[in-house]
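Listed here are the chains, written in short residue letters.
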Amino acid sequence: PVWVEDEGDKIGHRSVPAGLMGAMQRGTRFDLVMPLEERTRGLMEDYTHLAQKPEELKAILRKVAKFHKTNNLGEEWEKFVDELDGPSLIKSLLVHHYDPTYKHIQ
């Protein structure tokens, strides 16, 4: 067996071949469920390099915030960056952006 994470048909500027995407979509699916606190800790470890580059992080967040124009999430996220509050930033991104996005595409 081969385990893959389905995040869509693009990885950066590259496209996943249609045949591979089809095989992934036909394959057995497993949903991994973890508590928010545990996910936050893991992501804090994985993305420490972004904490060292706050302006770069803010630029990334501005792109994501474009999907949330009806609320002030972009401002909230930038505030978390300014306050060096990584856990609150990650939790907000998970709850308001990533989880709803992935739930929608399932």
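All values derive from a computational prediction rather than experimental measurement.

1. A word on the nonpolar core
- In terms of nonpolar packing, the biggest core is built from 11 residues, these being L50, L57, L61, V64, A65, L73, W77, F80, V81, L89 and L93.
- For this core, the elements supplying multiple residues, two or more each, are α4 (54–65), α5 (73–82) and α6 (86–105).
- Not counting residues up to four positions away in its chain, the partners in contact with F80 are D85, S88, L89 and S92.

2. Thoughts on α4
- Here α4 is 12 residues long and its end C-alpha atoms lie 16 Å apart, about the 16 Å a rise of 1.5 Å per residue gives.
- Taken together, the buried positions of α4 are L57, K58, L61, V64 and A65. One side of α4 holds all its buried residues, which, seen down the axis, span an arc of 115°. Exposed residues pointing more than 90 degrees away from the buried face of α4 are listed as E55 and K63.

3. Brief notes about unusual backbone geometry
- The backbone of L84 shows a phi angle near 55°, a positive value even though the residue is not glycine.
- Mapped onto the elements of the fold, L84 is located in the loop between α5 and α6.

4. Observations regarding the packing of α4 against α5
- Direction vectors running N to C along α4 and α5 enclose 165°, while the axes themselves pass 9 Å from each other. When the axes of α4 and α5 are compared, the pair comes out roughly antiparallel. Crossing of α4 over α5 shows right-handed handedness. Within the contact between the two elements, α4 uses P54, L57, K58, L61, R62, V64 and A65 and α5 uses G74, W77, E78, V81 and D82.

5. Quick word on the environment of H13
- Mapped onto the elements of the fold, H13 is located in the loop between β1 (10–11) and β2 (14–15).
- Looking at H13, the relative accessible area reads 82%, which means it is exposed.
- As a C-alpha pair, H13 and F30 span 17 residues in sequence and 26 Å in three-dimensional space.

6. Observations regarding the environment of P87
- Along the chain, P87 turns up in helix α6.
- When the C-alpha atoms of P87 and T28 are compared, they prove to be 33 Å apart, with 59 residues separating the residues in sequence.
- Contacts of P87, omitting those with residues within four sequence positions, involve T40 and M44.

7. A look at the side chain of H97
- Secondary-structure assignment places H97 in helix α6.
- Not counting residues within four places of it along the chain, the set of residues in contact with H97 comprises V64, F67, H68, W77 and S92.

Definitions and cut-offs
- Every chain's residues receive numbers from 1 upward, in the order its sequence appears when written.
- Two thresholds apply to this predicted model, a pLDDT of at least 70 for residue-level local features and 80 or more for giving and counting side-chain atom pairs, whereas whole-chain, interface and lining totals are computed over all residues.
- To obtain the side-chain values, all non-hydrogen atoms of the structure were used and water was disregarded.
- Within this scheme, the nonpolar core is defined by two criteria: the residues are buried Ala, Val, Leu, Ile, Met, Phe, Trp, Tyr or Cys, and they are joined through side-chain atoms within 4.5 Å.
- Think of it in three bands: residues with accessible area under 20% of the maximum for their type are buried, residues over 50% are exposed, and the middle band is partly exposed, with areas taken using a 1.4 Å probe on protein chains only.
- Numbering of helices and strands runs from the N terminus, with a helix taken as a DSSP run of H or I at least four residues long and a strand as a DSSP run of E at least two residues long.
- By the convention used here, residues are in contact when the closest approach between their heavy atoms is within 4.5 Å.
- Here, expected helix span is obtained from the residue count minus one, scaled by 1.5 Å.
- Working definition: the arc comes from the directions between the helix axis and the C-beta atoms, pointing outward to the latter.
- Axis definition: a line fitted to C-alpha atoms, over the contacting stretch in the case of helices. Angles run 0 to 180 degrees between N-to-C directions.
- Angle categories are assigned with fixed cut-offs, so that under 35 degrees is roughly parallel, over 145 is roughly antiparallel, 65 to 115 is roughly perpendicular, and the rest are oblique.
- Left-handed describes a crossing whose near helix is turned anticlockwise from the far helix by less than a right angle; the clockwise case is right-handed.

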